[in-house]
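# Understanding the architecture of this molecule
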Amino acid sequence: QVQLVESGGGLVQPGGSLRLSCAASGSIFRLTTMGWYRQAPGKQRELVATITNVGATNYADSVKGRFTISRDNTKNTVYLQMNSLKPEDTAVYYCNMAITTTVAYWGRGTQVTVSS
């Protein structure tokens, strides 16, 4: 059974940085596309960044140049380095593992709050 556990969220000032981690169970990790999504109160969940099994990345326009997604297959962990944080980045951030186009696993989320 696949389990995803996010960590690293917290409260930071605008312009600050955080690094989120997502620890995944299972040997299938190295074969998957991983992603980070976020959901702010009253808004739908949106894609933040993805990284394929071979390291190809994709970012939402709103975070390009500020966020970096990476993975460590030896640790079954995906990271999201977030720099130059803005108040509009405030959301619950969720880790995602895509098995197929129709099957995916989700973590429970970690809160990121950007406020002065």
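Residues numbered from 1 in each chain as written. Predicted model: local features only at pLDDT ≥ 70, side-chain atom pairs only at ≥ 80, totals over all residues. Heavy atoms only, no water.

Along the chain, the regular secondary structure elements total 0 helices and 11 strands. Mapped from its N terminus to its C terminus, the chain presents α and β elements in the order β-β-β-β-β-β-β-β-β-β-β. Taking the principal axes of the C-alpha coordinates as reference, the chain spans close to 40 × 25 × 25 Å. Pairs at least 24 apart in sequence give 53% of the contacts found in the chain among residues at least 6 apart. Element-wise, carbon and sulfur atoms account for 47% of the exposed surface of the chain, whose accessible area totals about 6300 Å². On the chain, the mean spot of the 11 positive side-chain charges and the mean spot of the 6 negative ones are 5 Å from each other. (Helix = DSSP H or I, 4+ residues; strand = E, 2+ residues; numbered from the N terminus. Contact = heavy atoms within 4.5 Å. Areas by Shrake-Rupley, 256 points an atom, 1.4 Å probe, with all protein chains shown as cover. Lys, Arg positive; Asp, Glu negative; His and termini not counted. Charge placed at Lys NZ, Arg CZ, Asp CG, Glu CD.)

This next bit is on the nonpolar core. Ranked by size, the top nonpolar core spans 29 residues in total, and within it Met34, Trp36, Leu80, Met82 and Tyr93 carry the most contacts. Those elements that place two or more of their residues in this core are strand 3 (18-24), strand 4 (33-39), strand 5 (46-51), strand 7 (67-72), strand 8 (77-82), strand 9 (91-98) and strand 11 (110-114). Discounting residues that sit within four places of it in the chain, Met82 has contacts with Gly16, Ser17, Leu18, Leu20, Arg66, Phe67, Tyr93 and Val112. (Core = buried A, V, L, I, M, F, W, Y, C linked by side-chain atoms within 4.5 Å. Buried < 20%, exposed > 50% of the residue type's maximum accessible area, 1.4 Å probe, protein only.)

Another point: the side chain of Arg38. Mapped onto the secondary structure, Arg38 falls in strand 4. Since its relative accessible area comes to 6%, Arg38 is described here as buried. Of note is the side chain of Arg38, whose polar atom sits 3.4 Å from the side chain of Ser62. Only 2.9 Å separates the side chain of Arg38 from the side chain of Tyr93, close enough to count as a polar contact. Every residue in contact with Arg38, bar those within four places of it in the chain, is listed here: Gln44, Arg45, Glu46, Val48, Ser62, Val63, Phe67, Glu88, Asp89, Ala91, Val92 and Tyr93. (Polar contact = N/O pair within 3.5 Å; in protein donor to acceptor, adjacent residues only side chain to side chain.)

For the rest of this paragraph, the subject is the pattern of salt bridges. Applying the stated criterion across every chain, the model contains 4 salt bridges. Among the salt bridges present, the one from Lys64 reaches Asp61, with a minimum N-O distance of 3.1 Å. A single burial state applies to Lys64 and to Asp61, both of which are exposed. Salt-bridge contacts for Arg66 lead to Asp89; the nearest nitrogen and oxygen are separated by 2.8 Å. Placement of the pair is Arg66 in the loop between strand 6 (57-59) and strand 7 and Asp89 in the loop between strand 8 and strand 9, with a sequence separation of 23 residues. Given a relative accessible area of 1%, Asp89 falls into the buried group. (Salt bridge = Lys/Arg side-chain N within 4 Å of Asp/Glu carboxyl O.)

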